[in-house]
Amino acid sequence: MNKLLDYTRDYINGTISDNVLSVNTHKNNWYQESPVEMKRSEPDTWLHSKMTSYRSAPQETIVFREIHQELTLHASFVEMCSWYYIDTAWARAGLEAPVWVEEPPSKLWFVSSTGGAASCQARGSPPPAVSWINRDGSAVSSVPGVREVLNNGTLLFLPFANEAFRATVHSATYRCRASSPAGTVLSRDTHVRAVVEQYWEVQVYNQYVLEGNTAVLHCKVPPFVKDFVTITSWTQGHTNYYPSQNADGRIQMVSTGQLVVRRVRNSDSQLAFRCRAVHTLTGATHESANAARIYVTAPRSESSPRVPEVESPVRVQRGTTATLLCPAQAYPTPTITWYRQENGVDLPLGALNGMMGSGSRRAGSRVKTAGAVLTILTAEDADAGTYSCYANNTEGVAVLQVELKVVSALSVRVTPPSLVVDAGAAAHLTCVISGKVMSMVSCQGRWSSQWCHVS
């Protein structure tokens, strides 16, 4: 305990060197002793050699009292729900705990031919040292020709040949750490994904449709680039079709990338359609080499509606446009009516006007139906649910159910955003989690040494 007291005195006098003692607490035997007072701590409590990190449950507080200086020092501790720290008596000693000036992004995607970089900067008094750590807490080091850790806080990934891909480097999770004698703060996770550049192309396929019904053309993207490719348009001769919310026209490109052709007629068999797509990382644009045609069949007899299987559930980001399709086929041409399931009962969307969405924006202004196409503008959390398409004609009815899921980015914050407390006083923090990315979100048990667990 005398060594701890000497350490505290040296800290106050500003004479700490890089080789000060490191305190090991695995014996779990801390106790009260004047002039240094400590509360009994858990076995996993540890104190860094520069008092830069503190790991324990929030109620376990370490207090150092140096009577001659009449100054109380709290080891600043980092609560990793939102990389939050409490800074109390450090301010009285003229110190400022590290805070982010530039926090690295949560996602860093780049192609192998270009490389990528993530930067982080922090301020504080004294200026904090910035470093990078792996997910397991180990230090990130430079790998010649592959990865460089720069002195300015940048983590640089160099361009590489396809065969030089390293999963531990190019598909990994990193965090930035800023440390000083006043405390330590850790950034959010940065998920790095290097994409090996490969040749890719999009394809379209012919559709066979009964005259008077609706045709839906699909633009297929290879699975290995699907996360990075966006379908931008369709072409037919010199005519371009771009994503549109206007269903007044007979031909419409919808938000999900398909091309919808309503009330097909014999002359549509002469048309050739191609799609275009862009790689969001490289900017490369590809047009389908082949063209899709609509083969229109004249009905020979009356038939009841049939609806092909469609993708379900459909997932959309909150605030974007959701599109549901019901390409029913029959003769006579079926009438399409859309419903939403409420408490196990299908109710017409018209009857739900004002029940979907929130605030002053009513569903009627955002939900549009045009035969086989249901469009929900600026999707909200309340729009999620099960939708049913009823296709009716004189020969029968067919029903298609599609589940819509509205997701939003997961975010974590701590309230209050800053807190100053007296020595020995209680500090109350609230971890607020929002977003609908995962099926279950919880802070498990207590705040751990590294973060508030979200799963």
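Note that this is a predicted model, so its numbers are computed, not measured.

## Some remarks on the overall build of the protein chain
Here's step 1: Check the secondary structure of the protein chain and you find two helices and 40 strands.
Here's step 2: Across the 455 residues that make up the protein chain, the buried fraction comes to 43%.
Here's step 3: Sequence separation of at least 24 residues holds for 59% of the intrachain contacts in the protein chain that already meet a minimum separation of 6.
Here's step 4: For the protein chain, the exposed surface amounts to about 23200 Å²; the carbon and sulfur share of it is 48%.

## Describing the pattern of salt bridges
Here's step 1: A full pass over the atoms with the stated rule returns nine salt bridges.
Here's step 2: The partner of D381 in a salt bridge is R318, with the nearest N and O atoms 3.5 Å apart. Here the residue D381 occupies a position in the loop between β36 (373–376) and β37 (385–393), and R318 occupies one in the loop between β30 (314–317) and β31 (322–325), the gap between them amounting to 63 residues.
Here's step 3: Overall, the relative accessible area of 29% leaves D381 in the partly exposed class.
Here's step 4: R318 sits in the partly exposed class, given a relative accessible area of 47%.
Here's step 5: E380 is paired through a salt bridge with R366; the nearest N and O atoms lie 3.9 Å apart.

## Digging into the side chain of H279
Here's step 1: You can see H279 is positioned in strand β26 (residues 274–279).
Here's step 2: When its relative accessible area of 4% is taken as the criterion, H279 is described as buried.
Here's step 3: Within the local environment of H279, its side chain forms a polar contact with the backbone nitrogen of L281, the two atoms lying 3.2 Å apart.
Here's step 4: Within the local environment of H279, its side chain forms a polar contact with the backbone nitrogen of T282, the two atoms lying 3.4 Å apart.

## Observations regarding the confidence of the model for the protein chain
Here's step 1: The predicted model of the protein chain has a mean per-residue pLDDT of 75, with 71% of residues at 70 or higher.
Here's step 2: When pLDDT is averaged over each element of the protein chain, strand β14 (residues 154–157) comes out on top at 97 and strand β6 (residues 77–79) at the bottom at 28.
Here's step 3: Here residues 354–362 scores under 50 on pLDDT; set against residues more than four positions off or in separate chains, the count is 20 contacts.
Here's step 4: Taken together, the stretch residues 438–455 has pLDDT below 50 and engages in 46 contacts with residues farther than four places along the chain or on a different chain.

## As for unusual backbone geometry
Here's step 1: The omega torsion across S125 and P126 is -5°, close enough to zero to call that bond cis.
Here's step 2: Mapped onto the secondary structure, P126 falls in the loop between β11 (121–125) and β12 (129–134).
Here's step 3: In this structure, R263 is a non-glycine residue whose phi angle is positive, near 50°.
Here's step 4: Phi angles above zero are rare outside glycine, and T378 is one such case at about 45°.
Here's step 5: With respect to the helices and strands, the residue T378 is situated in the loop between β36 and β37.

## Quick notes on the sheet that holds β26
Here's step 1: Strand order in the open sheet made by the four strands is β23-β22-β26-β27, with antiparallel pairing throughout. Pairing within the sheet leaves two strands with one partner each, and these edge strands are β23 (239–241) and β27 (285–287). Sheet twist, expressed as the mean angle between neighbouring strand axes with direction ignored, is 25°.
Here's step 2: In this sheet, β27 lies alongside β26 in antiparallel orientation, the contact comprising three bridges. Following the sheet pairing, V278 is matched in β27 by T285.

Rules behind the numbers
- Residues numbered from 1 in each chain as written.
- Predicted model: local features only at pLDDT ≥ 70, side-chain atom pairs only at ≥ 80, totals over all residues.
- Heavy atoms only, no water.
- Helix = DSSP H or I, 4+ residues; strand = E, 2+ residues; numbered from the N terminus.
- Buried < 20%, exposed > 50% of the residue type's maximum accessible area, 1.4 Å probe, protein only.
- Contact = heavy atoms within 4.5 Å.
- Areas by Shrake-Rupley, 256 points an atom, 1.4 Å probe, with all protein chains shown as cover.
- Salt bridge = Lys/Arg side-chain N within 4 Å of Asp/Glu carboxyl O.
- Polar contact = N/O pair within 3.5 Å; in protein donor to acceptor, adjacent residues only side chain to side chain.
- pLDDT = per-residue confidence, 0-100.
- Pairing = 2+ DSSP bridges.
- Axes fitted to C-alpha atoms, helices over the stretch in contact; angles between N-to-C directions.

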